Amino acid sequence: MEGLDERKTKILKAIIKNYLDTGEPVGSRTISKYTDLHLSSATIRNEMSDLEELGYILQPHTSAGRIPSDKGYRFYVDHLITEKNQEISEMQSFVIEHTEKMERVLKNVAKLLAHNTEYAAMITGPRYHRNKLKFIQLSKVDEHQLLCVIVLEGNIVKNKMLALEEELSDEQMLKLNILLNTSLNGLSIEQINLGMITALKDQAGSHSRIVGDVLDAVAEAIGDDEDLQIYTSGATNIFKYPELSNSEKASEFISAFEEKQLLANMITDSLGEREPGTGIQVYIGDESPIKTMKDCSVVTATYELGEGVTGTIGIIGPKRMDYEKVLNNLKNLKKQLDVIYHKEEK
């Protein structure tokens, strides 16, 4: 920024933050207590004079403190966006490096979104009905149990314990893994027809029951869409907004936010109402499917991890929420999830 070194930047940010908090012109004595620069009031006055000359702050009348100008506000907003984008980038790197399962990624996304927007945030796990099978791994737990690991497109992992009537040798286990993966990888549940199932069981011979149990587990993993996982964060952010913070409204909001089935119903209801081409839906006040959120606004967006794999991100806040900020955060996070998915694919 024009003519702004680190000291001027810190002083300008302090002026703007203080003015946003109080609505009163800000003097040098206030700034001397507000920053970690440890400067005298005289030095701060000189810096404030420079900032005024550069057009970042104004003095409304003689002997008054300073207030931000439009140019100052623009600096603050641009600087804030840069900081938030950096936070998002750092969180993305952390998520990719330190999480192996999408569930943990989504929990971090919910926390990040709540932190960035200062509203309540939610995100659903990927919905994978009509999804394709990517990989099957059978492993012996002991002589009586078999662990079946099913990996779906989108790196969604489902585990199923299967009972063994007789112990399998390592060679038999290897043959079953090869048979299942050669025959089933890349198929959707609709493509696994009765003829294919019969042929697989015939090839498995005496182990046909195991193949049947695996196919049942695959069908359950691909077709199970009922237990929608929802991760939430930031419910207590509502106490920052007076219109939502009285005890009755706050109690209703917290109860609704913790009732995952209500959120799931809202998400399901909204899927067919999204604005074409955006994946975004905005509910304001009484438009919300959840009546206890009639004093709120709800903004939801879909994210996609691959063909047939989608989820929903949502922000809940006061009707006077910063819609532009919310939409920008949602769009940013949709892109991040796409990046995370494709990086994991590699």
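Heads up: the structure comes first, above all this text.
Residues numbered from 1 in each chain as written. Predicted model: local features only at pLDDT ≥ 70, side-chain atom pairs only at ≥ 80, totals over all residues. Heavy atoms only, no water.

Caption draft 1: Structural context of the overall build of the chain. Of the regular secondary structure elements, the chain holds 11 helices and 10 strands. Residues classed as buried in the chain amount to 43% of the 346 residues present. As displayed, the chain has an accessible area near 18,200 Å², and 48% of this comes from carbon and sulfur atoms. (Helix = DSSP H or I, 4+ residues; strand = E, 2+ residues; numbered from the N terminus. Buried < 20%, exposed > 50% of the residue type's maximum accessible area, 1.4 Å probe, protein only. Areas by Shrake-Rupley, 256 points an atom, 1.4 Å probe, with all protein chains shown as cover.)

Caption draft 2: Region of the structure containing the nonpolar core. Ranked by size, the top nonpolar core spans 26 residues in total, and within it Ile136, Leu138, Ile150, Leu184 and Val214 carry the most contacts. Those elements giving two or more residues to this core turn out to be β4 (133-142), β5 (145-152), α6 (170-184), α7 (194-204) and α8 (208-223). The biggest single contributor to this core is α8, with seven residues. Counting 23 residues, the second-largest nonpolar core is a separate cluster that includes Leu106, Ala121, Val299 and Leu330. (Core = buried A, V, L, I, M, F, W, Y, C linked by side-chain atoms within 4.5 Å.)

Caption draft 3: Structural context of the pairing of β4. By the bridge criterion, eight bridges tie β4 to β5 in an arrangement that is antiparallel. Note on β5: the bridge partner recorded for Gln137 is Val149. (Pairing = 2+ DSSP bridges.)

Caption draft 4: Layout of the packing of helix α1 (residues 6-22) against helix α3 (residues 41-53). Relative to each other, α1 and α3 sit at 85 degrees, their axes nearing to 10 Å. By the criterion of interaxial angle, the relationship of α1 to α3 is roughly perpendicular. On α3, the residues touching Arg7, Lys8, Ile11, Leu12 and Ile15 of α1 are Thr43, Glu47, Met48, Asp50 and Leu51. Grouping the constituent residues of the contact of α1 with α3 by class yields five nonpolar, one polar and four charged. (Axes fitted to C-alpha atoms, helices over the stretch in contact; angles between N-to-C directions. Parallel < 35°, antiparallel > 145°, perpendicular 65-115°, else oblique. Contact = heavy atoms within 4.5 Å. Nonpolar A, V, L, I, M, F, W, Y, C, P; charged D, E, K, R; others polar.)

Caption draft 5: Up close: the side chain of Ser28. Mapped onto the elements of the fold, Ser28 is located in helix α2 (residues 28-34). Residue classification places Ser28 among the buried positions, given a relative accessible area of 12%. If we skip the residues at most four places from it in the chain, Ser28 touches Ser41, Ile44, Arg45 and Met48.

Caption draft 6: Spatial organisation of the pairing of strand β3 (residues 120-124). Extensive coverage of β3 is indicated by the burial of five of its five residues. Side chains Ala120, Met122 and Thr124 of β3 all project onto a buried face; the interleaved residues Ala121 and Ile123 project onto the opposite face, where all are buried too. Taken together, the four bridges between β3 and strand β7 (residues 230-233) define a ladder with antiparallel strand orientation. For Ile123, the partnering residue across the bridge sits in β7 and is Tyr231.

Caption draft 7: The packing of α6 against α7, seen in detail. Look at α6 against α7: their axes get within 11 Å of each other, and the N-to-C directions meet at 160 degrees. The orientation of α6 relative to α7 falls into the category roughly antiparallel. Of the two possible hands of crossing, α6 and α7 adopt the one that is right-handed. Counted together, Leu176, Leu179, Ser183 and Leu184 of α6 and Met196, Leu200, Gln203 and Ala204 of α7 form the full contact between these two elements. Tallied by class, residues from the contact of α6 with α7 come to six nonpolar, two polar and no charged. (Left-handed = near helix turned anticlockwise from the far one by under 90°.)

Keep in mind that these numbers describe shape and distance, not what the molecule does.
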